[in-house]
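# Analysis of the macromolecular model
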Amino acid sequence: MRRLAILGASGHGKVVADTAERCGWRSLVFFDDAWPKRQHNGPWVVIGNGAMLFDALSGFDGVLVAIGDNRIRQDRLRRLRDAGARLATLVHPAATVSTYARLGEGSVVFAGAVLNVDARIGPGTILNTGCSVDHDCRLGEAVHVSPGAHLAGGVQVGDLSWIGIGASVRQSLRLGRRVMVGAGAAVVSDVPDGTTVIGVPARPLCLNR
Ligand SMILES: CC(=O)SCCNC(=O)CCNC(=O)[C@H](O)C(C)(C)COP(=O)(O)OP(=O)(O)OC[C@H]1O[C@@H](n2cnc3c(N)ncnc32)[C@H](O)[C@@H]1OP(=O)(O)O
């Protein structure tokens, strides 16, 4: 039976595990630094800490990092890949991914998400429940598109950026690295690196205070 290891026994980790089962993984276990205090994550067992996963890689057919923090997820994915881990990629059967889209290793696409034609998604990205990423979008590494967020066609999103729940981004815009788009925002202009924007239309958070 193919074995999957998931690093990060969080709520996000439970959705990753649930999606993995829907994708046909039958044997899956968690690793988390809260072990041995944390022994379970929902119906799944936590069998060791992060360091123990690195020692156990040969026993797994796939490894995923289920850590919501983009920077930490990117770091752990890179370290696991360098250590020889076989990084898995998940697409929930109720998600729609174009044959002509590309999805980087270690990425997850949850139920109801749509990834459209000629989109390119970097490694370690989360396309969360019911989001959409439209044609020709370019997402960097370890991006998170939250539930119900929508990117119109041709949007570029830099590494480590986070599109908040229910936000929308107008077509052909360029969002930099480490951008945070607040929940429910409507982004109608480019966003520079490291900027948090909120509101409708979206403005930098400091300008809204
Ligand atoms: C399955 C899952 O759960 S996936 C997770 C999905 N979660 C998300 O998408 C979270 C997105 N995060 C947000 O929207 C956050 O509120 C952020 C990042 C924009 C701001 O967070 P913080 O920096 O902690 O700001 P804070 O909460 O202190 O709010 C600062 C001010 O901005 C306002 N504000 C915060 N977020 C928003 C928003 N999304 N839209 C409008 N105003 C906002 C607050 O009301 C506050 O206003 P005030 O100064 O007048 O009182």
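The structure presented is a predicted model; accordingly, all values stated were derived computationally and were not measured. (Residues numbered from 1 in each chain as written. Predicted model: local features only at pLDDT ≥ 70, side-chain atom pairs only at ≥ 80, totals over all residues. Heavy atoms only, no water.)

Below, the discussion takes up the UniProt feature "binding site: substrate" (unreviewed entry) in the chain. The sites that carry the UniProt feature "binding site: substrate" (unreviewed entry) are, in the present numbering, S10, G11, H12, D32, D33 and G68. Residues that both appear in the annotated list above and line the largest pocket are D32 and D33. Relative to the assigned elements, S10 resides in the loop between β1 (3-7) and α1 (11-22). Ignoring anything within four residues of it in the chain, the contact list for S10 reads N41 and A66. From its side chain, S10 meets the backbone nitrogen of H12 in a polar contact 3.4 Å long. Position of D32 among the secondary structure elements: in the loop between β2 (27-31) and β3 (40-41). Note on D32: relative accessible area 14%, which makes it buried. (UniProt positions renumbered as here; feature names shortened; annotations may be inferred. 1 Å grid on protein atoms, 1.4 Å probe; cavity = no way out; pocket = protein on both sides within 12 Å on 5 of 7 lines; lining within 4 Å. Helix = DSSP H or I, 4+ residues; strand = E, 2+ residues; numbered from the N terminus. Contact = heavy atoms within 4.5 Å. Polar contact = N/O pair within 3.5 Å; in protein donor to acceptor, adjacent residues only side chain to side chain. Buried < 20%, exposed > 50% of the residue type's maximum accessible area, 1.4 Å probe, protein only.)

By the element assignment, H92 lies in the loop between β6 (90-91) and β7 (96-97). According to the relative accessible area criterion, H92 is buried, its value standing at 8%. Separated by 18 residues in the primary sequence, H92 and F110 place their C-alpha atoms 5.2 Å from one another. Beyond its immediate chain neighbours, meaning those up to four positions away, H92 contacts T19, R22, C23, V109, F110 and A111. Polar side-chain contacts of H92 include one of 2.9 Å to the backbone nitrogen of A94.

With that out of the way, let us pick up unusual backbone geometry. Backbone torsion omega between W35 and P36 reads 10°, so that peptide bond is classified as cis. Turning to its location among the elements, P36 is positioned in the loop between β2 and β3. Here V200 and P201 are connected by a cis peptide whose omega angle stands at -5°. With respect to the element layout, P201 can be found in the loop between β23 (196-198) and β24 (203-204). Within the chain, D118 stands out as a residue other than glycine whose phi angle is a positive 65°. Accessibility expressed as a relative area gives 32% for D118, which makes it partly exposed. At A142, a position not held by glycine, the phi torsion is positive, near 55°. Within the fold, A142 resides in the loop between β14 (138-139) and β15 (144-145).

The strand order across the open sheet built from five strands is β8-β11-β14-β17-β20, with neighbouring strands paired in parallel fashion. Whereas interior strands pair on both sides, the edge strands pair on one side only; in this sheet they are β8 (102-103) and β20 (174-175). Here two bridges tie β8 to strand β11 (residues 120-121), and the two strands are oriented parallel to one another. Bridge assignment links R102 to a residue of β11, and that residue is R120. (Pairing = 2+ DSSP bridges.)

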